[in-house]
Amino acid sequence: MTAARDLLTFVSSAVRSPGVIGAVAPSGRALCDLLASVAPVNGTATVVELGPGTGVVSQALRRRLPPEARHVAVEIDPGMVAHLTRTRPWLEVVRGDAKDLQKLLADIGITQVDAVVSGLPWTLFSREAQRGIMEQVSRVLVPGGVFTTFAYRHVMHLPTQRRFRELLEESFDEVRVTPTVWRNVPPALCYQCRNLGV
Ligand SMILES: C[S@@+](CC[C@H](N)C(=O)[O-])C[C@H]1O[C@@H](n2cnc3c(N)ncnc32)[C@H](O)[C@@H]1O
C-alpha cells in the first residue's frame, strides 16, 4: 500500500515539477540499500538525507541505522513533504532547499553530521547551484564524514554530470565509484566520498 502511494505521489510531483524532481520513478531497493550502506550501524550518529522524495532511501536508512541515531531529511517539494510526514512519522522532515543546509540544520540544533545521503538531481543544477550545495555539505560534515549520491548511467557523459564529478574530486580526498546497479530504472551508480579528516 505504501509502495503504491509512494509511486503515485512521485509521479504526480514529477509531472508537476519535472525540473525539480529529475526522475520518473523512485529508486529501487538495491540502489536505496547501496546509498544507505555508508551510514553507521552503531553509535549516536546524525545522518542527513537531501531530496528524500517519497522516502524509499529513508526506509533503507531506517533498516540500517541504530535506534539512537538522528535521521533528518531535507526536501523542497511540498507534496513530498506532506507524503513523508504522513507515511514516515519516524522521520525528521525539514521542508527547505539544500542550498540552505547549514541554517536548516542549525534551526533544529544540529551543527555537524556524520553522513549526507543525497537523492538530489545534480544534473539539473547549474554550476553555481552544484557548488553552493556542495559547499554547504562540506561545512556540516564531520572530519572523516561521508557523502554519497547516485548518478544515472545514461547521463554520465553529459557535461553537467562530468562537471559534477570534477566538483566531487575537488571537494573530497577520496571519491569511490560503485559498480552499476543494473536492477534500477534507469540503471545507476553511486559516488561514495570522504574527507580523511587529517
Ligand atoms: C530524483 S528525486 C529522488 C528521490 C528519492 N531520494 C529516490 O531516490 O527515489 C529528487 C528529489 O530531490 C528533491 N529536490 C530537488 N531539488 C532540491 C533542493 N534544492 N533541496 C531539497 N530537495 C530537492 C526533489 O523534490 C525530489 O524529491
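Residues numbered from 1 in each chain as written. Predicted model: local features only at pLDDT ≥ 70, side-chain atom pairs only at ≥ 80, totals over all residues. Heavy atoms only, no water.

Describe unusual backbone geometry, naming the residues involved and giving the relevant values.
P186 follows V185 through a cis peptide bond whose omega is -10 degrees. Turning to its location among the elements, P186 is positioned in the loop between strand 6 (174-177) and strand 7 (188-194). (Helix = DSSP H or I, 4+ residues; strand = E, 2+ residues; numbered from the N terminus.)

Lay out the pattern of salt bridges in plain terms, naming residues and giving numbers.
Inspection of the entire model under this criterion finds ten salt bridges. A salt bridge links R88 to D6, with the nearest nitrogen and oxygen atoms 2.9 Å apart. Placement of the pair is R88 in the loop between helix 5 (78-87) and strand 3 (92-95) and D6 in helix 1 (residues 2-16), with a sequence separation of 82 residues. Judged by relative accessible area, which is 2%, R88 ranks as buried. For D107, the salt bridge identified is with K103, shortest N-O distance 2.9 Å. Placement of both D107 and K103 in helix 6 (residues 101-107) is noted, with a separation of four residues, approximately one turn of the helix. The exposed category is assigned to D107, whose relative accessible area is 51%. Salt bridges linked by common partners bring R29, D33 and R63 together as one network. (Salt bridge = Lys/Arg side-chain N within 4 Å of Asp/Glu carboxyl O. Buried < 20%, exposed > 50% of the residue type's maximum accessible area, 1.4 Å probe, protein only.)

For the site of the ligand, give the residues involved together with the corresponding values.
Taken together, 24 residues are adjacent to the ligand, and S27, G51, E75, D97 and A98 come closest. In this structure, an oxygen atom belonging to the ligand sits 2.6 Å away from a side-chain N or O atom of S27. One of the side-chain nitrogen or oxygen atoms of E75 is found 2.5 Å away from an oxygen atom of the ligand. Within the complex, the protein chains bury 97% of what would otherwise be the 600 Å² of accessible surface of the ligand. Contributing elements (two or more residues each) for the shell around the ligand: helix 2 (18-21), helix 4 (56-64) and strand 2 (70-75). (Near = heavy atom within 4 Å. Polar contact = N/O pair within 3.5 Å; in protein donor to acceptor, adjacent residues only side chain to side chain. Areas by Shrake-Rupley, 256 points an atom, 1.4 Å probe, with all protein chains shown as cover.)

Help me get a handle on the UniProt feature "domain: Methyltransferase" (unreviewed entry) in the chain, residues and values and all.
Within this structure's numbering, the places UniProt gives as "domain: Methyltransferase" (unreviewed entry) are residues 47-145. Between the end C-alpha atoms of residues 47-145 there is a gap of 10 Å, over a span that is 40% helix and 25% strand. (UniProt positions renumbered as here; feature names shortened; annotations may be inferred.)

Lay out the nonpolar core with the relevant residues and their values.
One broad rule of soluble globular proteins: the nonpolar side chains tend to lie buried together. Counting 30 residues, the largest nonpolar core has L50, M134, V137, F147 and L168 as its most contacted members. Of all the secondary structure elements, the ones that give two or more residues to this core are strand 1 (46-50), strand 2, helix 6, strand 4 (113-118), helix 7 (127-140), strand 5 (141-152), helix 8 (159-171) and strand 7. Of all the elements, helix 7 adds the most residues to this core, at four residues. Among residues more than four places away in sequence, those in contact with M134 are W122, F147, F164, L167, L168, S171 and F172. In terms of nonpolar packing, the next biggest core, distinct from the first, is built from 22 residues, C32, A39, V56 and L61 among them. (Core = buried A, V, L, I, M, F, W, Y, C linked by side-chain atoms within 4.5 Å. Contact = heavy atoms within 4.5 Å.)

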